[in-house]
Amino acid sequence: MIVLHQRAEIESYMLDLRKFSSSIGFVPTMGALHAGHMSLVSKSLEQNDYTVVSIFVNPTQFNNSNDLETYPRTLTADLAMLEAAGCDVVFVPEVHEIYPEGTDVQESYDFGNLEMVMEGVHRPGHFKGVANVVHRLFKMVMPTRSYFGLKDYQQLAIIKALVAQYSLPIEIIPCEIVREPDGLAMSSRNVRLLPEQRKHAVFISQALFNAKSQKKSVEETKKSVINAIKSVPLLLLEYFEIVDGTTLQPIRQWSESKNPVGCIAVHVGTVRLIDVIMF
Ligand code: PAF
């Protein structure tokens, strides 16, 4: 496994690699890798000749400076996991390699209604930062396929829109959510939960699973999740929406969507967690 740090290095390495490989899989990450990330890496290894992973805590997508400062950083362990998994290339750039003109100089994108809901409302500027970093990484790595988890459902929709708008020849592969044995969706932020918070965090996924199994109307399903979260100490609901899985616009009847999706964001102390359920 080779570890590269500079933009010029990855660009020239990828140019050479493309000469003798038919497919390159790319998994962009912010590090603090867990089984969820490793499932994306495994899928990429299965489907491609070469797998490239980036580890970069992208400052432009954090609208909360405390979240950026406390974001877990575990580079040594991350590299060991990637090496053991058989990853070929890891790109670990400094901020100036991605933003040579400074982080204030960013491309503006228009994702229309996709960015007007949920994370777009509660984390202003977040998707601009995500689109900027992913677009820049795509230009450097120029992969055949790139892998994103369904837990960040809205991010996945934004990345698909980015690829379509810029006609990038990259196949975006959505990957299943990986959960802890008790159901909590895996997240790099989970390590920041105190033991008591961790115990309560499990009720996020439980509320989603229960609501799904009850097979009630959209309105009742929403109420059931909202009330379940409100009844748990230490959990503070930011939003729960049931949206069409393609347009991300809220629905009022199940018949309005072929692929309804429930998206939730909850604060557990200072840790903000998201989760998703497909209805
Ligand atoms: O999902 C993430 O970890 C990040 O948003 C991504 C896609 C690596 C961009 O920084």
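Remember, predicted model here, so these are calculated numbers, not experimental data.

Here is what the cut-offs are and how they apply
Residues numbered from 1 in each chain as written. Predicted model: local features only at pLDDT ≥ 70, side-chain atom pairs only at ≥ 80, totals over all residues. Heavy atoms only, no water. Pairing = 2+ DSSP bridges. Helix = DSSP H or I, 4+ residues; strand = E, 2+ residues; numbered from the N terminus. Axes fitted to C-alpha atoms, helices over the stretch in contact; angles between N-to-C directions. Contact = heavy atoms within 4.5 Å. Near = heavy atom within 4 Å. Polar contact = N/O pair within 3.5 Å; in protein donor to acceptor, adjacent residues only side chain to side chain. Areas by Shrake-Rupley, 256 points an atom, 1.4 Å probe, with all protein chains shown as cover. Nonpolar A, V, L, I, M, F, W, Y, C, P; charged D, E, K, R; others polar. Expected span 1.5 Å × (residues − 1). Salt bridge = Lys/Arg side-chain N within 4 Å of Asp/Glu carboxyl O. Buried < 20%, exposed > 50% of the residue type's maximum accessible area, 1.4 Å probe, protein only. Parallel < 35°, antiparallel > 145°, perpendicular 65-115°, else oblique. Left-handed = near helix turned anticlockwise from the far one by under 90°. Phe/Tyr/Trp six-rings, centres within 6.5 Å; stacked < 30°, edge-to-face > 60°.

Q: Please provide a residue-by-residue account of the sheet that holds strand E8 (residues 260-268), values included.
A: Backbone-to-backbone hydrogen bonds pair the strands of a sheet. The strands run either parallel or antiparallel. The sheet built from three strands is open, its strands ordered E7-E8-E9 with antiparallel pairing. At either end of the open sheet lies a strand with only one pairing partner, and these are strand E7 (235-244) and strand E9 (271-278). Ignoring strand direction, the axes of neighbouring strands in this sheet form an average angle of 15 degrees. Sheet analysis places E8 next to E9, joined by eight bridges and oriented antiparallel. If you follow Val-266 over to E9, its bridge partner there is Leu-273. Here helix H9 (residues 195-214) sits on the sheet in contact with E7, E8 and E9, set at roughly 20 degrees to E9.

Q: Hey, could you go over the site of the ligand for me, with residue numbers and the actual values?
A: Close to the ligand lie Pro-28, Thr-29, Met-30, Asn-58, Gln-61, Val-133, Phe-148 and Gln-155. At a separation of 2.6 Å, an oxygen atom of the ligand approaches a polar side-chain atom of Gln-61. At 2.7 Å from an oxygen atom of the ligand is found a side-chain nitrogen or oxygen belonging to Gln-155. For the ligand, whose accessible area on its own is 290 Å², the fraction buried by protein is 88%. When its residues are assigned to classes, the shell around the ligand shows four nonpolar, four polar and no charged.

Q: Residue-level account of helix H7 (residues 126-141), with values.
A: In this model H7 runs 22 Å from its N-terminal to its C-terminal C-alpha over 16 residues, within 8% of the 22 Å that 1.5 Å per residue would give. One or two steps after H7, the chain reaches Met-142, where phi turns positive at roughly 45 degrees.

Q: Describe the pattern of salt bridges, with residues and values.
A: Across all of its chains, the model carries 14 salt bridges by this definition. For the salt bridge of Asp-67 with Arg-192, the shortest nitrogen-to-oxygen distance reads 3.5 Å. Of this pair, Asp-67 sits in helix H3 (residues 65-70) while Arg-192 sits in the loop between strand E6 (171-175) and H9, and the two are 125 residues apart along the sequence. By the burial criterion, Asp-67 is buried, and Arg-192 matches it. Among the salt bridges present, the one from Arg-145 reaches Glu-171, with a minimum N-O distance of 3.3 Å. Linking Arg-145 in strand E5 (residues 145-149) with Glu-171 in strand E6, this pair joins segments that are 26 residues apart in sequence.

Q: Hey, could you go over the packing of H9 against helix H10 (residues 218-230) for me, with residue numbers and the actual values?
A: Where H9 meets H10, the axes come as close as 9 Å, and the angle between the chain directions of the two elements is 155 degrees. By the criterion of interaxial angle, the relationship of H9 to H10 is roughly antiparallel. Between H9 and H10 the crossing geometry is right-handed. Between H9, through Phe-203, Ile-204, Ala-207, Leu-208, Ala-211 and Gln-214, and H10, the contact on the second element is made entirely by Thr-221, Ser-224, Val-225, Ala-228 and Ile-229. Of the residues in the contact of H9 with H10, the class split is eight nonpolar, three polar and no charged.

Q: Can you explain the packing of aromatic side chains? Please cite residues and give values.
A: One pass over the structure, following the stated rule, counts seven aromatic pairs. A ring pair is formed by Phe-20 and Tyr-50, whose centres lie 6.4 Å apart and whose planes are at 80 degrees; its orientation type is edge-to-face. Of this pair, Phe-20 sits in the loop between helix H1 (7-19) and strand E2 (24-29) while Tyr-50 sits in strand E3 (residues 50-55), and the two are 30 residues apart along the sequence. Look at Phe-20 and you get exposed, because its relative accessible area is 59%. Taking the relative accessible area as the measure of exposure, Tyr-50 reaches 23% and is therefore partly exposed. Judged by centre distance (5.6 Å) and plane angle (10 degrees), the rings of Tyr-109 and Phe-111 are stacked. Overall, the relative accessible area of 5% leaves Phe-111 in the buried class. Aromatic ring contacts, followed pair by pair, group Phe-26, Phe-138 and Phe-148 into a single cluster.

Q: Outline helix H8 (residues 153-165), supporting the account with residue identities and numerical values.
A: Here H8 is 13 residues long and its end C-alpha atoms lie 19 Å apart, about the 18 Å a rise of 1.5 Å per residue gives. Of all 13 residues in H8, ten are buried; the element is thus mostly enclosed. Within H8, burial applies to Tyr-153, Gln-154, Gln-155, Leu-156, Ala-157, Ile-158, Ile-159, Ala-161, Leu-162 and Val-163. Elements that come into contact with the buried residues of H8 comprise helix H6 (119-122), H7, E5, E6, E8 and E9. Looking one or two places after H8, you find Ser-167, whose phi comes out positive at around 45 degrees.

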